[in-house]
Amino acid sequence: MPGKRSAANSDESAENSTVNAASVMASGGPLSTTSKSERAALSRATGLNKGQLSFYVQRLEQLGFIDKHRPITKAPTAKTVRYRLRDEYLRFYFNFIEGKRARIERSGGGYHFDRLVGKRWDPFLGLGFERFVDRNLEPLLDKVGARDVMSQVGTYWHQKTARQAGVQIDLVIERVDHITHIVECKWSRTAVGKQAIDQLQRKCQLYPNPRGDTLRPILVAAAGVTKAVQTSGVQVITLSDLF
């Protein structure tokens, strides 16, 4: 049955390519198919050329496995986009289980969690915390008084060039009263210090602010902040403030 075998192999190849694309997206932060280096990483992992890669990325998006994001300052039709994996279990699986399944199964349940995740657990939680805040916006909007005046929420980034430093902003909240909140989400096991404030203020400086709004920085800190941060004048929000 060569015809059926060929179709089955084609389906298996398509499934593997889709899974490999998802795996690359899970291994770090959002990936851009318009960035040459990131597109090359996806192509190497999947064995797909540019045209094929676009097809499988669209397939993952249609199936609800990944989200598409544009910088909040860009038009909805802009080609500057990034994709990230939606499902947290798949993020965990591709980061820590895929590639280790045989060892885990051979261990008979004796493969310890610390050995499994190594030093990548906290970075993994850092990205997860950012997404957690993004998916629970209403308490944050209430806390900063933006629920009734919010016009749009998104993220922002631009690449490093010869003229400017690169920047990645976790959340940008634009309001109809010409105030824009620049939000930094910090996961840590201990209170966050002044360095986080310096980083946040630097991001405010790098944000292009196309509407000429008043920029108000907000630090969302999972484990709270030090006294130096409390007296910095930057609004701080903790998990206890949100829930």
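Computed from a predicted structure; not experimentally measured.

How each quantity is defined
For every chain, the first residue of its written sequence is number 1, and the numbers climb from 1 along that sequence. Local features in this predicted model are restricted to residues of pLDDT 70 or higher, and side-chain atom pairs are both shown and tallied only at a pLDDT of 80 or more, whereas totals for entire chains, interfaces and linings draw on every residue. Water and hydrogen atoms were dropped before computing side-chain values, which therefore reflect all heavy atoms in the structure. Per-residue accessibility, obtained with a 1.4 Å probe over protein chains only, is compared with the maximum for each type, and a residue is labelled buried under 20%, exposed over 50%, and partly exposed between these values. Helix and strand definitions follow DSSP, with helices as H or I runs of at least four residues and strands as E runs of at least two, each counted in order from the N terminus. For two strands to count as paired, DSSP must find a minimum of two bridges between them. Note on terminology: a nonpolar core comprises buried Ala, Val, Leu, Ile, Met, Phe, Trp, Tyr and Cys residues joined through side-chain atoms within 4.5 Å. Two distance rules govern patches: like charges are joined within 9 Å, and nonpolar side chains (Val, Leu, Ile, Met, Phe, Trp, Tyr) within 5 Å, applied only to residues with over 30% relative accessible area and no salt bridge. Every accessible area reported is derived by Shrake-Rupley at a probe size of 1.4 Å, with residue values counting cover from the shown protein chains alone. The salt bridge criterion pairs a side-chain nitrogen of Lys or Arg with a carboxyl oxygen of Asp or Glu, the two atoms within 4 Å. Under this definition, polar contacts are N or O atom pairs within 3.5 Å; protein pairs additionally need one hydrogen-donor-capable and one acceptor-capable atom, and for neighbouring residues in sequence, both atoms have to be side-chain atoms. Contact criterion: two residues are considered in contact whenever any of their non-hydrogen atoms come within 4.5 Å of each other. Confidence scores per residue from the predictor, reported as pLDDT, run from 0 to 100.

> Explain the pairing of strand 4 (residues 167–175) here, please?
The side chains of a regular strand alternate between both faces of the sheet. Taken across its 9 residues, strand 4 has 8 buried, putting it largely inside the fold. Note that strand 3 (residues 150–158) and strand 4 share 7 bridges and pair antiparallel. Within the sheet, the bridge partner assigned to M150 lies in strand 4 and is R175. As paired elements, strand 4 and strand 5 (residues 179–186) share 4 bridges and run antiparallel to each other. Pairing of E174 across the sheet is with T180, part of strand 5. Where strand 4 folds back onto strand 5 in an antiparallel hairpin, the turn is made up of 3 residues, including H178, whose phi is positive at roughly 60 degrees.

> Help me out: how do you make sense of the nonpolar core in this one?
Nonpolar side chains in soluble globular proteins tend to be buried together. Among the nonpolar cores identified, the biggest contains 19 residues, and I66, F92, F96 and L116 are the most heavily contacted of them. When residues in this core are grouped by element, the largest group, 6 residues, is from helix 4 (residues 88–97). Of all hydrophobic cores here, the second largest spans 18 residues; its members include V192, L200, A221 and V225.

> Help me understand a nonpolar patch on the surface in this model?
A cluster of nonpolar side chains, contributed by F132, L239 and F243, occupies part of the molecular surface with about 270 Å² of accessible area. Secondary-structure assignment places F243 in the segment after helix 11 (239–242).

> I tried to follow the side chain of D213 on my own but got confused; where do I start?
Relative to the helices and strands, D213 is located in the loop between helix 9 (194–206) and strand 6 (214–221). Since its relative accessible area comes to 6%, D213 is described here as buried. At 2.4 Å, the side chain of D213 and the side chain of R211 are in polar contact. The residues contacting D213, other than those within four sequence positions of it, are H178, I179 and T180.

> Before we go on, may I ask you to explain the confidence of the model for the chain in this structure?
Do not read the predicted coordinates in detail wherever pLDDT is low. Averaged over all residues, the pLDDT of the chain is 84; the fraction at 70 or higher stands at 83%. Across residues 2–14, confidence stays below pLDDT 50; counting only partners more than four residues off in sequence or on other chains, it has 2 contacts.

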